[in-house]
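Each chain, letter by letter, is given below.
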Amino acid sequence: QVQLVESGGGLVQAGGSLRLSCAASGSIFSINDMGWYRQAPGKQRELVATIDNYGTTNYADSVKGRFTISRDNAKNTVYLQMNSLNSEDTAVYYCNADVFRVVTGTYGYYWGQGTQVTVSS
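These lines cover the structure that appears in this document, whether it is placed above or below. Here, residues in each chain are numbered from 1, in the same order as that chain's written sequence. Reporting of local features is limited, given that this is a predicted model, to residues whose pLDDT is at least 70; pairs of side-chain atoms are given and counted only at 80 or more, and all residues count toward the totals for whole chains, interfaces and linings. Values shown for side chains rest on all heavy atoms present in the structure; no hydrogens or waters enter the calculation.

Focus: the overall build of the chain
Phase 1 of the analysis: Each helix is a run of H or I in the DSSP string that is no shorter than four residues. Each strand is a run of E no shorter than two, and both are numbered from the N terminus. A count of helices and strands for the chain gives zero helices and 11 strands.
Phase 2 of the analysis: In the chain, the order of α-helices and β-strands from amino to carboxyl end is β-β-β-β-β-β-β-β-β-β-β.
Phase 3 of the analysis: Taking 121 residues into account, the globule formula puts the C-alpha radius of gyration at 14 Å, and the chain, at 14 Å, falls close to it.
Phase 4 of the analysis: When accessible area is computed with a 1.4 Å probe and restricted to protein chains, residues below 20% of their type maximum are described as buried, those above 50% as exposed, and intermediate ones as partly exposed. Counting the 121 residues in the chain, one finds 44% classified as buried.
Phase 5 of the analysis: Of the roughly 6400 Å² that the chain leaves accessible, carbon and sulfur atoms contribute 48%.
Phase 6 of the analysis: Put simply, the chain has 9 plus and 9 minus side-chain charges, and the middle of one group is 3 Å from the middle of the other. It is over C-alpha atoms that the radius of gyration is taken, and the globule rule equals 2.2 Å times the number of residues to the power 0.38. Only the protein chains shown count as cover for residues, with accessible areas throughout obtained via the Shrake-Rupley method and a probe of 1.4 Å. We score Asp and Glu as negative and Lys and Arg as positive, and we do not count His or the chain ends. Where a charge sits is defined by one atom per residue type, namely NZ (Lys), CZ (Arg), CG (Asp) or CD (Glu).

Notes on the environment of Y109
Phase 1 of the analysis: For Y109, the position within the fold is in strand 10 (residues 107–111).
Phase 2 of the analysis: Looking at Y109, the relative accessible area reads 55%, which means it is exposed.
Phase 3 of the analysis: Taking the C-alpha atoms as reference, Y109 lies 9.7 Å from V2; in sequence the two are 107 residues apart.

Re the nonpolar core
Phase 1 of the analysis: Judged by nonpolar contacts, the single largest core of 31 residues is most densely connected at W36, L80, M82 and Y93.
Phase 2 of the analysis: Where this core is concerned, the elements lending two or more residues are strand 1 (2–7), strand 3 (18–26), strand 4 (28–39), strand 5 (46–51), strand 7 (67–72), strand 8 (77–82), strand 9 (91–101) and strand 11 (115–120).
Phase 3 of the analysis: If you tally residues by element for this core, the top one is strand 9, at five residues. Here, the term nonpolar core denotes a set of buried Ala, Val, Leu, Ile, Met, Phe, Trp, Tyr and Cys residues that are joined through side-chain atoms within 4.5 Å.

Regarding the state of the cysteines
Phase 1 of the analysis: The rule for a disulfide is simple: a pair of cysteine sulfur atoms within 2.5 Å. Considering all chains together, one arrives at one disulfide under this definition.
Phase 2 of the analysis: One disulfide in the model links C22 with C95; its S-S distance is 1.9 Å. Of this pair, C22 sits in strand 3 while C95 is found in strand 9, placing the two residues 73 residues apart along the sequence.
Phase 3 of the analysis: The class for C95 is buried, based on a relative accessible area of 0%.

Structural notes on the packing of aromatic side chains
Phase 1 of the analysis: Stacked, edge-to-face and tilted are the three classes for Phe, Tyr and Trp ring pairs, Trp counted by its six-membered ring, which pair at centre distances within 6.5 Å; planes under 30 degrees apart are stacked, over 60 edge-to-face, the rest tilted. Under the counting rule described, the total for this entry stands at three aromatic pairs.
Phase 2 of the analysis: For the pair Y37 and W111, a centre-to-centre distance of 5.0 Å together with 65 degrees between the ring planes defines the contact as edge-to-face. With Y37 in strand 4 and W111 in strand 10, this pair connects stretches of sequence that are 74 residues apart.
Phase 3 of the analysis: Residue W111 is classed as partly exposed on the basis of its relative accessible area of 39%.
Phase 4 of the analysis: On the numbers, 5.0 Å between centres and 70 degrees between planes, the contact of F100 with Y107 is edge-to-face.
Phase 5 of the analysis: Residue classification places F100 among the partly exposed residues on the basis of a relative accessible area of 23%.
Phase 6 of the analysis: Each member of the aromatic cluster is reached from another via a ring pair, and the members are F29, F100 and Y107.
Phase 7 of the analysis: The criterion is that NZ of a Lys, or CZ of an Arg, lies within 6 Å of the ring centre and within 35 degrees of the ring normal, and then a charge sits over that ring. A cation sits over an aromatic face here: R45 above W111, 4.7 Å from the ring centre.

What follows is the structure in structure tokens.
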């Protein structure tokens, strides 16, 4: 089994910052892409940012210049530094990882349980 556990969400005022973390554990041989997605009430889940195992990043246009994704491969952990938050960033944030499992010998995508980020205006 593979588990992804997010932390760092909460309530913040507009203009403030938060840092999300997501740690992967379990029968992991290696991890390819890792990423953050979010889902606001009444909306579909959307991509926020991704990072591959070489450190190449990709961001949604709505967060470019404000959010920074990074990862610690030794800890199987991905981070999302969020600055200049506004009310439109309010959502449940989910991490995602493309994991190569030792047991199955295959890659598979796994999701965390989500962490709530609420930005008050």
